[in-house]
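Close look at the chain arrangement
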Amino acid sequence: MRTSIILLLTATLTLSACGAVRDSRINPFNWFGGSRAESLPATENTNPLIPERSGVFARRPEAPYAGVPVAVIDDLTIERSPGGAIIRVRGTAAKQGAHEVRLVKEDDESDASTLTYTLKAQFPQGSRRVGPATSRELTAARFVTSNDLAGIRTIRVKGAQNARSSSRR
């Protein structure tokens, strides 16, 4: 019994002394030293994995998004993630057949501490049935970086009939 208590006390004291080892050369994490900033030459192509296209395969200009605001915003959830947050919105469309659902950022210059989005969707041409609410339910999400969230206190998502917001505590 005494031997186990002595071993436990010795292990505890040894482990508590590890704080002094973290800055010494014994610690393998310190073998390469600290990091330092280096400047890199500027490159014209920002993503080397995407080849430059020309001629027949040139990219066509993207058509403007023709979405309309979704009728009702039912739920707004903001989830923390590494490097930022994920804004997840659930809404109900006015009629069935919605597609290309997006959270579109609005330029609201009146309040710099509020980030405003509108939940929009595209609908097919012609009239559609209204149907039950569960068949018209839509979900969209968007990742926002920590840099974009700097100074932001409130995130607001608008629809055609209502809006939802979430504030930091």
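See the structure printed just above.
Residues numbered from 1 in each chain as written. Predicted model: local features only at pLDDT ≥ 70, side-chain atom pairs only at ≥ 80, totals over all residues. Heavy atoms only, no water.

Within the open sheet, the three strands sit side by side as S2-S3-S6. Their pairing is antiparallel. Where the open sheet ends on each side, the last strands, each with one partner, are strand S2 (72-81) and strand S6 (137-145). For this sheet the average axis-to-axis angle between neighbouring strands, irrespective of direction, equals 15 degrees. Summarising the sheet, strand S3 (residues 84-92) and S6 pair through nine bridges and their orientation is antiparallel. Across the sheet, residue Ile87 finds its bridge partner in S6, namely Arg142. (Pairing = 2+ DSSP bridges. Helix = DSSP H or I, 4+ residues; strand = E, 2+ residues; numbered from the N terminus. Axes fitted to C-alpha atoms, helices over the stretch in contact; angles between N-to-C directions.)

Once that is clear, we can look at the pattern of salt bridges. With the rule as written, the count across this model stands at four salt bridges. A salt bridge links Asp74 to Arg90; the nearest nitrogen and oxygen atoms lie 4.0 Å apart. Placement of the pair is Asp74 in strand S2 and Arg90 in strand S3, with a sequence separation of 16 residues. Residue class for Asp74 comes out partly exposed when judged on its relative accessible area of 24%. A salt bridge links Glu100 to Arg102; the nearest nitrogen and oxygen atoms lie 3.5 Å apart. Judged by its relative accessible area of 33%, Arg102 falls in the partly exposed class. Here the residues in one salt-bridge network are Asp74, Arg90 and Glu137, joined through shared partners. (Salt bridge = Lys/Arg side-chain N within 4 Å of Asp/Glu carboxyl O. Buried < 20%, exposed > 50% of the residue type's maximum accessible area, 1.4 Å probe, protein only.)

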